[in-house]
Amino acid sequence: MIDAAILPLVKRAIDRPARALVARGIGADQITIAGFGIGLIGVLALWMGLFWVALVCLALNRLADGLDGAVARLTTPSDRGAFLDIALDFMFYGLFPLGFALHDPVANALPAAVLICSFIGTGSSFLAFSIIAEKRGITSDAYPTKGIYYLGGLTEGTETIALFVAMCLFPVAFPWLAYAFAALCAVTTLTRWMAGWRMFG
């Protein structure tokens, strides 16, 4: 919901670090893969109940997600890079709740399953819209630097990361946080279905 407003601020904040990475010959794909690896460590930390470690890994993963795009724009953006970025992002979003389910299956398995299912709704509607928009040559004025069409919604990247931070800070509240966010994701999915139905009719 607020990604379009946040992105310009993030872009300004990471411009100098991105230029430093380019000067050292570090490519965008390397940053993307390294960020995903750090994210996997965070999921393992959740499994072991090391929530503060998971929170640090979450922060580093999201930093890498911002830096890889900035580095790509300073060098040569590629379709492979855009594909890798979104594919690993979506995988990370699904794995993070799984870490809580592995940590406490009795309390967390069902809410994690519901949340991951809701992510399938938001993710599939997002990607399906993007594919058809690309086919029709439709571009997004709100996200002009993105490699694919970004269709907004009530629950976007910023809100999802805020959720994950809250889960790390208050792990006992995971079930309620998961159910509440899943409900918001359902609203996002429905609005994206409606947007696609109207625009592609």
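What counts and how
Residues numbered from 1 in each chain as written. Predicted model: local features only at pLDDT ≥ 70, side-chain atom pairs only at ≥ 80, totals over all residues. Heavy atoms only, no water. Salt bridge = Lys/Arg side-chain N within 4 Å of Asp/Glu carboxyl O. Helix = DSSP H or I, 4+ residues; strand = E, 2+ residues; numbered from the N terminus. Buried < 20%, exposed > 50% of the residue type's maximum accessible area, 1.4 Å probe, protein only. pLDDT = per-residue confidence, 0-100. Patch = residues over 30% accessible without salt bridge, like charges linked within 9 Å, V, L, I, M, F, W, Y side chains within 5 Å. Areas by Shrake-Rupley, 256 points an atom, 1.4 Å probe, with all protein chains shown as cover.

Here we look at the pattern of salt bridges
Applying the stated rule across the entire model yields 3 salt bridges. Two residues, Arg80 and Asp29, come together in a salt bridge whose shortest N-O distance is 2.9 Å. Of this pair, Arg80 sits in helix H4 (residues 79-103) while Asp29 sits in helix H2 (residues 28-47), and the two are 51 residues apart along the sequence. Residue classification places Arg80 among the exposed positions, given a relative accessible area of 62%. For Asp29, a relative accessible area of 19% puts it in the buried group. We note a salt bridge from Asp65 to Arg62, for which the minimum N-O separation is 3.2 Å. Taken as a pair, Asp65 and Arg62 lie in helix H3 (residues 51-74) at a separation of 3 residues, close to a single helical turn. Exposure remark for Asp65: the relative accessible area of 22% places this residue in the partly exposed category. Of the residues examined, Arg62 reaches a relative accessible area of 16% and is grouped as buried. Among the ionic contacts, a cluster of salt bridges with common partners joins Arg62, Asp65 and Asp89.

Some words on the confidence of the model for the chain
The pLDDT averaged across the chain works out to 88; a share of 88% of its residues lies at or above 70. Per-element averaging of pLDDT across the chain places helix H1 (residues 3-23) at the bottom with 73 and H2 at the top with 96.

A short note on a nonpolar patch on the surface
Together, Leu44, Trp47, Met48, Leu50, Val53, Leu98 and Leu102 line one region of the surface with nonpolar side chains, adding up to about 630 Å² of accessible area. Of all the secondary-structure elements, those providing two or more residues to the nonpolar patch are H2 and H4. Along the polypeptide, Leu50 turns up in the loop between H2 and H3. With a relative accessible area of 40%, Leu50 lands in the partly exposed category.

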